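Structural overview
One letter stands for each residue in the lines below.
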Amino acid sequence: MRAGGRDWPRGLLENLTLPLRPSAVLIPIVEKRGDLTMLLTQRAEDLTHHAGQISFPGGGMEPGDLSLTDTALREAEEEIGIRKSEVEIAGYLAPMPTISGYAVTPVVGLLNGDLRLQLDKREVAAAFEVPLEFLLDPANQEHGSRSINGIDVPIITYQFQSWRIWGATAAMIVELHSKLI
């Protein structure tokens, strides 16, 4: 069984019988002098869901969003100041259910290295970049499990410097890697 929402144990999937709220995240791939990095954020400590965790910029679809791409781009601009015009959409990953009741569609976007981030401190405590080469190397994955509602769920964790990347974010990175090989 792989880590990630689509391969969750049956008992956990049965708990997701309510409609999941459509949402999207931007997976920002940044090119700097020929090197590629992935931009990640640390969520603010006082948020209701996933406080302090490492994530991609994103959130729930709102009535004014024309598509999930619009959702991801709007949220990235609100959370970290990346303008829509700075992002070239490279593709999409399949929606991923989360234990917080969302169906998250990852939108992969390419950006050049001249970013000027403006963090919304109400939502984002920090932003940082990880070399894509590090994240795509399976040797940097730590495999384990976590008990959710009494059910053991496999998880993958990346430890990059002081940053612990796990949960849905790590599962999305693994899914992106599977699409690139």
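Basis of the calculations
- Residues numbered from 1 in each chain as written.
- Predicted model: local features only at pLDDT ≥ 70, side-chain atom pairs only at ≥ 80, totals over all residues.
- Heavy atoms only, no water.
- Helix = DSSP H or I, 4+ residues; strand = E, 2+ residues; numbered from the N terminus.
- Buried < 20%, exposed > 50% of the residue type's maximum accessible area, 1.4 Å probe, protein only.
- Contact = heavy atoms within 4.5 Å.
- Areas by Shrake-Rupley, 256 points an atom, 1.4 Å probe, with all protein chains shown as cover.
- pLDDT = per-residue confidence, 0-100.

Some points on the overall build of the protein chain
Helix and strand counts for the protein chain come out as four helices and eleven strands. Residue burial in the protein chain is summarised as follows: out of 181 residues, 46% are buried. The long-range share in the protein chain, meaning contacts at least 24 apart out of those at least 6 apart in sequence, stands at 61%. Roughly 9,500 Å² of accessible area belongs to the protein chain as shown, and the carbon and sulfur atoms make up 50% of that amount.

Points about the confidence of the model for the protein chain
Per-residue confidence for the protein chain gives a mean pLDDT of 89, with 87% of residues at or over 70. Within the protein chain, no element has a lower average pLDDT than helix 1 (residues 10-14), which sits at 57, and none a higher one than helix 2 (residues 68-80), at 98. When the criterion is pLDDT under 50, residues 1-5 qualifies, and its contacts beyond four places in sequence or with other chains add up to 16 contacts.

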